[in-house]
Amino acid sequence: MNKSQVVFYLFILITLNSCVSKKKIIYLQGQQNQSSNQVNYEPIIQNDDLLSITISSVEPELATPFNIDQLQSTGGGSGSNVNKTTYLVDTAGEIDFPVLGKIKVVGLTKTLLKQQLKERLALYLTEPIINIRIVNYKVSVLGEVNKPGTYSLSGDRITLLEVIATAGDLTLFGKRNNILIIRDYLGTKTYNRVDITKADFVNSPFYYLDQNDVVYVEPRKARIDGTAIGGNVSAIMSIASFLITTTILLTR
């Protein structure tokens, strides 16, 4: 065996070891005939959510008691800051709302809560307009992504793909067919696996993420193996070089 043969076989060995199938990398395969059936998705209000609720009406002065936002002067000037009041969903699943008192909100969507508030406000206001937002909506992303961390998000219809994009996408070592989503609802944690390489993922109950979800991307075996030998790369290269040199000398 000559030197060129040794180098060739070593190259083939490395190539086979590092080669990754396209099916393990490409997202949403077979998407031509897929469509999402989750047009009406809404997150469920949970304990510890912070809700921003604004009430308006054709008679603004009558709506004032239901909005406890405070105007504070800034720096003695003529300007002002509006501090939007938020309502914390307590451990009983309730918020304490002006005039109306305690309201059970946990387990409701924003649409259902709007309907409930509109019915109760009908005693005081004509055609009340209600805006509700979850202001502490956040998701944590861990594992094989380029920018792991906890992300506070402005919307509440956030897909897993959008969160992955926010985290800088998966690394090439991330398992795309076995992403773990940890969800906590009313104190009960569930552990759910999704495969984003398949187009029918858009119909998964985990296509949209809930507030406080944790997304964990597992490493492929190549990453685990690479980590295991990472600290010994220099030694391994030295041994490989020695073996190649020895083989060449013995086969001359």
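About the criteria used
- Residues numbered from 1 in each chain as written.
- Predicted model: local features only at pLDDT ≥ 70, side-chain atom pairs only at ≥ 80, totals over all residues.
- Heavy atoms only, no water.
- Helix = DSSP H or I, 4+ residues; strand = E, 2+ residues; numbered from the N terminus.
- Buried < 20%, exposed > 50% of the residue type's maximum accessible area, 1.4 Å probe, protein only.
- Core = buried A, V, L, I, M, F, W, Y, C linked by side-chain atoms within 4.5 Å.
- Contact = heavy atoms within 4.5 Å.
- Phe/Tyr/Trp six-rings, centres within 6.5 Å; stacked < 30°, edge-to-face > 60°.
- Pairing = 2+ DSSP bridges.
- Axes fitted to C-alpha atoms, helices over the stretch in contact; angles between N-to-C directions.
- pLDDT = per-residue confidence, 0-100.
- Salt bridge = Lys/Arg side-chain N within 4 Å of Asp/Glu carboxyl O.
- Polar contact = N/O pair within 3.5 Å; in protein donor to acceptor, adjacent residues only side chain to side chain.

**Q** Explanation requested: the environment of F173 in the structure shown.
**A** Positionally, F173 belongs in the loop between helix 4 (160-166) and strand 11 (179-185). Note on F173: relative accessible area 29%, which makes it partly exposed. As a C-alpha pair, F173 and V145 span 28 residues in sequence and 8.9 Å in three-dimensional space.

**Q** Please clarify how the nonpolar core should be interpreted in this entry.
**A** Proteins that are soluble and globular tend to have nonpolar side chains buried together. Counting 46 residues, the largest nonpolar core has L51, I53, I95, F97, L113, L117 and L160 as its most contacted members. Those residues in contact with L51 that lie beyond four places of it in its chain are I45, T85, T86, Y87, V89, I95, V105, L113, R133 and I134.

**Q** It is not clear to me how the packing of aromatic side chains should be interpreted in this structure. Could you clarify?
**A** Aromatic ring pairs are reported here in terms of the distance separating the ring centres and the angle at which the planes meet. One pass over the full model with this rule turns up five aromatic pairs. Their ring planes at 5 degrees and their centres at 4.5 Å tell us that Y41 and Y208 sit as a pair that is stacked. Of this pair, Y41 sits in the loop between helix 1 (3-18) and strand 1 (50-56) while Y208 sits in strand 13 (residues 208-209), placing them 167 residues apart in sequence. Between the aromatic rings of Y207 and Y208, the centroid separation amounts to 5.2 Å while the plane-to-plane angle is 80 degrees, which identifies the pairing as edge-to-face.

**Q** Quick question: what am I supposed to make of the sheet that holds strand 14 (residues 214-217) here?
**A** Two orientations exist for strands paired in a sheet by backbone hydrogen bonds: parallel and antiparallel. The five strands are arranged 9-8-14-11-12 in an open sheet whose pairing can be described as mixed. Unpaired on one side and paired on the other, strand 9 (149-152) and strand 12 (188-194) mark the two borders of the sheet. Mean inter-strand twist for the sheet, computed between neighbouring axes without regard to direction, equals 20 degrees. Direction of pairing for strand 8 (residues 138-143) relative to strand 14: parallel, over a ladder of four bridges. By the bridge assignment, G143 is partnered in strand 14 with V217.

**Q** How should I be thinking about the sheet that holds strand 1 in this particular structure?
**A** In space, the three strands of this open sheet follow the order 4-1-7, with antiparallel pairing throughout. The open sheet has two edge strands, strand 4 (86-88) and strand 7 (129-134), and neither has a second partner. Sheet twist, expressed as the mean angle between neighbouring strand axes with direction ignored, is 30 degrees. Note: strand 1 against strand 4, three bridges, orientation antiparallel. The residue of strand 4 that forms the bridge with L51 is Y87. Along the sheet, helix 3 (residues 110-121) contacts strand 1 and strand 7; its crossing angle with strand 7, the most-contacted strand, is approximately 145 degrees.

**Q** Is there a simple way to explain the confidence of the model for the protein chain in this structure?
**A** For any part of a model where pLDDT is low, the fine detail of the predicted coordinates should not be relied upon. With 68% of its residues at a pLDDT of at least 70, the protein chain reaches an overall mean of 80. By mean pLDDT, the top-scoring element of the protein chain is strand 14 (97), and the lowest-scoring one is strand 2 (residues 70-73) (36). For the stretch residues 70-82, pLDDT sits under 50, and the model shows 14 contacts to residues farther than four places along the chain or on other chains.

**Q** Please clarify how the pattern of salt bridges should be interpreted in this entry.
**A** Pairing between side chains of opposite charge can happen when their charged atoms approach one another. Under the criterion given, the structure shown has seven salt bridges. In this structure, the salt-bridge partner of E218 is K175, at a minimum N-O distance of 3.8 Å. Of this pair, E218 sits in the loop between strand 14 and helix 5 (221-230) while K175 is found in the loop between helix 4 and strand 11, placing the two residues 43 residues apart along the sequence. With relative accessibility at 28%, the residue K175 sits in the partly exposed group.

**Q** For this particular structure, what's the right way to read the side chain of E218?
**A** Residue class for E218 comes out buried when judged on its relative accessible area of 17%. Within the structure, E218 has its side chain in polar contact with the side chain of R193 (distance 2.4 Å). When residues no more than four places from it in sequence are discounted, the contact partners of E218 are E144, F173, G174, K175, N178 and R193.

**Q** I'm lost on the pairing of strand 12 in this one. Help?
**A** Along any regular strand the residues' side chains alternate between the sheet's two faces. Judged from the seven bridges that link them, strand 11 and strand 12 form a sheet pairing that is antiparallel. Looking at strand 12, one finds that I182 is bridged to Y191. Taken together, strand 11 and the strand that follows it, strand 12, pair antiparallel across an intervening segment of two residues, in which L186 is found at a positive phi of about 55 degrees.

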